[in-house]
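Listed below are the residues making up each chain.
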Amino acid sequence: MQATLIFPPATDPRAPHLGLPYLAAVLRGAGIPTRLIDADIGGLTALLRPDAVAANLKTLERHRPGGMDAASLSGLLRRGEALTESIPRAFAILRDPIDFFDAHLFREARATLQDGLDLAGAAAGRPVHYSLCPIRYDVDGIDEQSLPDLIAVTADRHSNLFDRFWETELLPSIAADQPGLVGISIVNRQQIIPGLTLARRLRERGLFVVLGGTVFSKFVTKLMQLPEFFAHFADGVMVYEGETAILELVAQLEAGRDFSRVPNFLHVHAGRVRLGRTHVEDIDRLPVPDFSDFPLQDYLTPAPVLPILTGKGCYFNECKFCDIPFINSVSKKRYRVRSPEKIAQDILALNERFDCHHFEITDEALPPRLLDRLADALAPHAARRLSFTGYARLEPGFTVSLCEKLSRMGMRKLFFGLESGDQATLDHMAKGIRIEHVRPVLQHCRDAGILFHIFSIIGFPEETERSARNTLRFFEDNADIINHPGNSFDIHPFGLELRTEYFANAAHLGVEIPQAAIDKDFVIGVRLDWSNTRGLAGEDVIRLVGEYGAALRRIYSRFHNAELHLWPGFEEFAVLYADHYAGRDFPFRTTLPDDDDPSPFSLAWCPDVLVDHDGPRIRVSSRSKVVTLSECAYRLLGSGQPRLAREFLAECIALNLSGTGEEARPRLRRMIDELIRANLLQIALIDQPSRVRQGLGGGVCTPTER
Ligand code: SF4
């Protein structure tokens with residue numbers, strides 16, 4: 001019997017996900033033929049093929065959708081004309097070992113793919129919002145937390161962006177194998193609608209379909225009450241961990257079909273939902289994940305970045321806002337870890353088999369001691385030039401010597417959850433870190449050449465504005481360590497997750513949640529739909545996030561005056577960039593150099609802006625901003641010629657671009673920096689390769705060319 005395991009859309013396919021390769025390794029190890037399908041990267045690629053883009057464009061020209069403002073639609077349609085050519089080039093850039101590291105080309109390529117997705121979403125019978133950053137797949141008018149909505153939307157082919165690809169290619173190809181088992185892994189909220197739609201289609205073709213992945217493991221209690229869910233979507237749902245369970249399931253499918261013997265398996269028997277015994281895996285006995293079948297050359301990177309796991313759960317496991325302790329409660333041990341020697345063997349095996357040199361360690365929080373031992377185990381293999389990224393806690397265990405050792409191992413970037421710059425708030429959430437330990441840890445990372453990301457949040461239960469300001473102050477006070485193009489940070493509004501201690505104690509914390517927000521079938525969290533009666537109100541959190549974001553862009557203006565990090569921040573991109581730029585200058589910036597900076601730079605209009613005559617003036621539009629200026633100003637600002645800041649500003653003042661005299665200088669700087677931030681202008685030091693200026697060619701139209 002063959003098993004076919006599918007990773008459905010929609011995520012941002014930068015790399016394969018880890019869960020299915022583990023199952024494939026277990027199944028193949030037991031002699032069971034197994035096929036892995038990444039329908040996520042497959043779906044994205046199919047949706048952005050030139051013929052699909054052209055068809056979407058035609059649909060939109062015939063029928064203008066509601067729900068999109070006229071300016072955005074008109075910009076999309078104008079850029080759309082070039083998309084049949086610019087999208088293939090965008091894919092090529094993201095997969096190219098040189099172009100990928102050109103931050104301007106990278107940004108433009110990602111934005112071009114997004115244009116294609118926006119076009120597809122707008123052309124659908126019912127508007128669909130599919131984006132890579134932030135990852136999003138929403139269908140207008142559908143709440144994916146509601147079972148009736150899910151039943152309705154998965155039956156509506158007009159709201160399925162992948163319908164054509166599935167009908168003509170994916171479904172026939174799966175059916176041709178006649179698999180005895182089809183597994184669909186749903187690990188993100190954004191995969192729920194496409195994943196369940198796919199499950200439904202496969203079941204209509206008579207296949208035995210099982211859902212797995214972390215999302216539905218959160219809903220075991222709810223699913224026990226919903227035989228209707230199974231009637232529509234699945235013959236069973238595999239929850240928690242699947243390696244042992246899937247072997248038993250195959251055995252039962254081949255003989256006996258007694259599904260009560262399958263651990264971690266929800267299924268319907270005699271009209272009722274049943275759950276088999278709970279089984280927790282021995283992490284040390286898991287095989288090396290098997291990524292063969294996944295199209296490693298197709299992901300949105302120039303080289304594979306593979307996920308690896310060193311342990312399941314979290315060794316700390318106590319933060320009151322986090323739902324990992326709940327997910328982890330299936331095991332008696334808070335953290336089950338694989339031996340460092342085995343982890344090293346896994347890494348070496350993947351390096352050899354897939355020629356992979358970049359790895360993302362996907363553990364929730366990597367203990368310093370484990371990393372220390374892993375570095376020892378990998379030390380004899382330094383010649384392989386491996387690079388890593390992963391998540392960790394801001395603990396004093398990250399000493400000078402450990403950070404140096406990790407740097408030698410190839411650790412390129414660590415992602416740290418600071419959460420708050422206020423000790424009382426950290427203690428309130430039981431984060432278990434001391435604010436005075438944070439700066440030394442970051443310093444040790446910086447000195448060892450390890451980049452870092454800092455996650456922070458404001459609006460915790462009972463958090464006041466004073467506490468939230470301490471988080472901003474942390475970034476102000478530590479700018480000397482943090483300010484590097486490869487470091488990244490964010491300040492998010494707090495979202496209340498249901499399976500957390502904060503939710504369990506909501507009443508004691510003055511947290512009020514409207515019943516309607518949780519009276520749904522599949523609720524993971526209530527983002528802003530709750531009241532912090534003893535802390536910051538929701539609108540204050542939004543205001544402060546905006547204010548702090550603007551402050552951070554000012555403080556870190558040289559490289560971070562942008563909506564998206566210029567040095568891409570996502571794990572897979574970050575580790576590749578960190579490896580590429582180790583020991584090299586990063587020539588891209590987000591502001592003009594200082595007046596006394598001797599580095600020549602070039603400033604040019606971004607190749608993907610739209611340029612129009614507006615009487616004697618020129619109107620330049622990016623996806624987020626429109627400016628109108630004189631032709632002289634247009635030519636001067638975007639000349640692309642080598643410049644020095646002082647002389648360049650003097651020329652702008654002479655042209656009266658934003659007033660005359662010395663007092664115009666700061667105003668001009670602000671204006672130009674704002675144009676850079678809005679992706680109207682782009683700036684690079686001039687030792688940049690000339691391709692910076694070439695761009696993808698989509699939508700550019702200089703006044704003289706018209
Ligand atoms: S926030 Fe991180 S450290 Fe805290 S319990 Fe969750 S995973 Fe563990």
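Counting of residues starts from 1 at the beginning of each chain's written sequence and follows it residue by residue. Only residues with pLDDT of at least 70 get local features here, since the model is predicted, and only at 80 or more are side-chain atom pairs given and counted; chain-wide, interface and lining totals rely on the full set of residues. Processing note: side-chain calculations cover all non-hydrogen atoms of the structure and skip hydrogens and water entirely.

## As for helix α12 (residues 243–254)
Note: α-helices contain 3.6 residues per turn, so residues at a spacing of three or four share the same orientation.
Item 1. For α12, which comprises twelve residues, the first-to-last C-alpha distance of 17 Å matches the rise-based estimate of 16 Å (1.5 Å per residue) to within 8%.
Item 2. One or two residues past the end of α12 sits G256, with phi positive at roughly 100 degrees. Every helix listed is a DSSP run of H or I at least four residues long, and every strand listed is a run of E at least two residues long, numbered separately from the N terminus. To estimate how far a helix should extend, the number of its residues minus one is multiplied by 1.5 Å.

## Observations regarding the domain arrangement of the protein
Item 1. The domain boundaries assigned to the protein delineate domain 1 (3–275), domain 2 (303–580) and domain 3 (588–705).
Item 2. By convention here, the domain bounds are inherited from an automatic or database domain assignment. Here domain 2 and domain 3 have C-alpha centroids that lie 36 Å from each other.
Item 3. In this complex, domain 2 contributes nine residues to the contact, which on the side of domain 3 involves six residues.
Item 4. Regarding the contact of domain 2 and domain 3, the summed buried area is about 740 Å², with carbon and sulfur atoms giving 45% of it.
Item 5. The largest share of the area that domain 2 buries against domain 3 comes from R558, N561 and L566, three residues that together contribute 63% of it.
Item 6. By convention in these notes, a salt bridge is any Lys or Arg side-chain nitrogen within 4 Å of a carboxyl oxygen on Asp or Glu. Summed over the shared surface of domain 2 and domain 3, the number is one salt bridge.
Item 7. R677 serves as the salt-bridge partner of E563, at 2.3 Å between the closest nitrogen and oxygen.
Item 8. Pairing of N or O atoms within 3.5 Å defines a polar contact, subject to two protein rules: one partner must be a possible hydrogen donor and the other a possible acceptor, and residues neighboring in sequence count only if both atoms are side-chain atoms. Seen at the junction of domain 2 and domain 3, the total is eight residue pairs in polar contact (both at pLDDT 80 or more).
Item 9. Ranked by residues supplied to the side of domain 2 that touches domain 3, first place goes to helix α24 (residues 557–560) with four residues. Here a residue-residue contact requires only that any non-hydrogen atoms of the pair lie within 4.5 Å. Buried area is a sum: the accessible area each of two parts loses on coming together, probed at 1.4 Å, counted once for each and added.

## Digging into the sheet that holds strand β14 (residues 387–392)
Item 1. Note on pairing: two strands pair once DSSP finds at least 2 bridges between them. Pairing is parallel across the open sheet formed by six strands, whose spatial order is β10-β13-β14-β15-β16-β17. Looking at which strands have only one partner, the edges of the open sheet turn out to be β10 (305–308) and β17 (488–493). The sheet shows a mean angle of 15 degrees between the axes of neighbouring strands, direction not considered.
Item 2. Bridge count for β14 against strand β15 (residues 411–419) is five bridges, and the pairing is parallel. Residue pairing across strands places A392 opposite F416, the latter belonging to β15.
Item 3. In the packing of helix α18 (residues 435–448) onto the sheet, the strands contacted are β15 and β16 (451–458), and the crossing angle to β15 comes to about 165 degrees.
Item 4. Axis definition: a line fit to C-alpha positions, over the contact stretch in the case of helices; interaxial angles, taken between N-to-C directions, run 0 to 180 degrees. Docked against the sheet, helix α23 (residues 538–555) engages β16 and β17, running at close to 165 degrees with respect to β17.

## With respect to the site of the ligand
Item 1. The nearness test applies per residue and asks whether one of its heavy atoms lies within 4 Å of the molecule or strand. Inspection of the region around the ligand gives C314, N317, E318, C319, F321, C322, I324, E364, R393 and K431 as its neighbouring residues.
Item 2. Only Asp, Glu, Lys and Arg are considered charged, only Ala, Val, Leu, Ile, Met, Phe, Trp, Tyr, Cys and Pro nonpolar, and every remaining residue, Gly among them, polar. Looking at the shell around the ligand residue by residue, the class counts come to five nonpolar, one polar and four charged.

## So, the packing of aromatic side chains
Item 1. Here a pair means two rings of Phe, Tyr or Trp (six-membered ring of Trp) with centres within 6.5 Å. Their orientation is stacked below 30 degrees between planes, edge-to-face above 60, and tilted elsewhere. A complete count under the given rule lists 44 aromatic pairs for this structure.
Item 2. Their ring planes at 80 degrees and their centres at 5.0 Å tell us that F106 and F573 sit as a pair that is edge-to-face. Of this pair, F106 sits in helix α5 (residues 103–123) while F573 sits in helix α25 (residues 571–581), placing them 467 residues apart in sequence. Just as F106 is buried, F573 falls in that class too.
Item 3. When the centroid spacing of 6.2 Å and the interplanar angle of 10 degrees are considered together, the rings of Y391 and F455 count as stacked. A residue pair is termed long-range when its members are at least 10 positions apart, and Y391 in strand β14 and F455 in strand β16 qualify at 64 residues.
Item 4. Here F455 falls in the partly exposed class, since its relative accessible area comes to 25%.
Item 5. Either the NZ atom of lysine or the CZ atom of arginine qualifies as a charge over a ring when it sits within 6 Å of the ring centre and within 35 degrees of the ring normal. Above the ring of F326, the side-chain terminus of R499 is found at 6.0 Å from the ring centroid. We call a residue buried when its accessible area falls under 20% of the maximum for its residue type, exposed when it is over 50%, and partly exposed in between, using a 1.4 Å probe and counting protein chains only.

## A word on the pattern of salt bridges
Item 1. Here the structure, examined in full by the defined rule, presents 57 salt bridges.
Item 2. Linking R353 and D290 is a salt bridge whose minimum nitrogen-to-oxygen distance equals 3.3 Å. With R353 in helix α14 (residues 340–354) and D290 in the loop between β9 (272–275) and β10, the pair connects residues that are 63 residues apart, well separated along the chain.
Item 3. Taking relative accessible area as the criterion, R353 reaches 52% and is therefore assigned exposed.
Item 4. Note on D290: relative accessible area 9%, which makes it buried.
Item 5. Through salt bridges with shared partners, a single network forms among D12, R14, R110, E571 and E572.

## Some remarks on the UniProt feature "domain: Radical SAM core" (unreviewed entry) in the protein
Item 1. Summarizing the sequence annotation, UniProt attributes the feature "domain: Radical SAM core" (unreviewed entry) to residues 300–523 in the numbering used throughout.
Item 2. Secondary structure content for residues 300–523 is 38% helix and 21% strand, and the end C-alpha separation is 31 Å. UniProt positions are given in the numbering used here, feature names are shortened, and annotations may be inferred rather than shown by experiment.

## Observations regarding α14
Item 1. Taking 1.5 Å of rise per residue, 15 residues should cover 21 Å, and α14 covers 21 Å from first to last C-alpha, within 8% of that figure.
Item 2. Inspection of α14 places P340, I343, A344, D346, I347, L348, L350, N351 and F354 among the buried residues, and these make up the whole buried set.
Item 3. Where α14 is buried, its residues meet β10, β13 (358–361), α15 (368–378) and β14.
Item 4. A positive backbone phi angle near 50 degrees is found at D355, which sits one or two residues after α14.

## Some points on a nonpolar patch on the surface
Item 1. Together, M224, Y240 and L275 make up an exposed nonpolar region whose accessible area comes to about 220 Å².
Item 2. On the accessibility criterion, Y240 (31% relative accessible area) is partly exposed. Patches in this entry comprise residues that are over 30% relatively accessible and not in a salt bridge; like charges within 9 Å are linked, as are nonpolar side chains (Val, Leu, Ile, Met, Phe, Trp, Tyr) within 5 Å. Only the protein chains shown count as covering a residue, and every accessible area follows the Shrake-Rupley method with a 1.4 Å probe.

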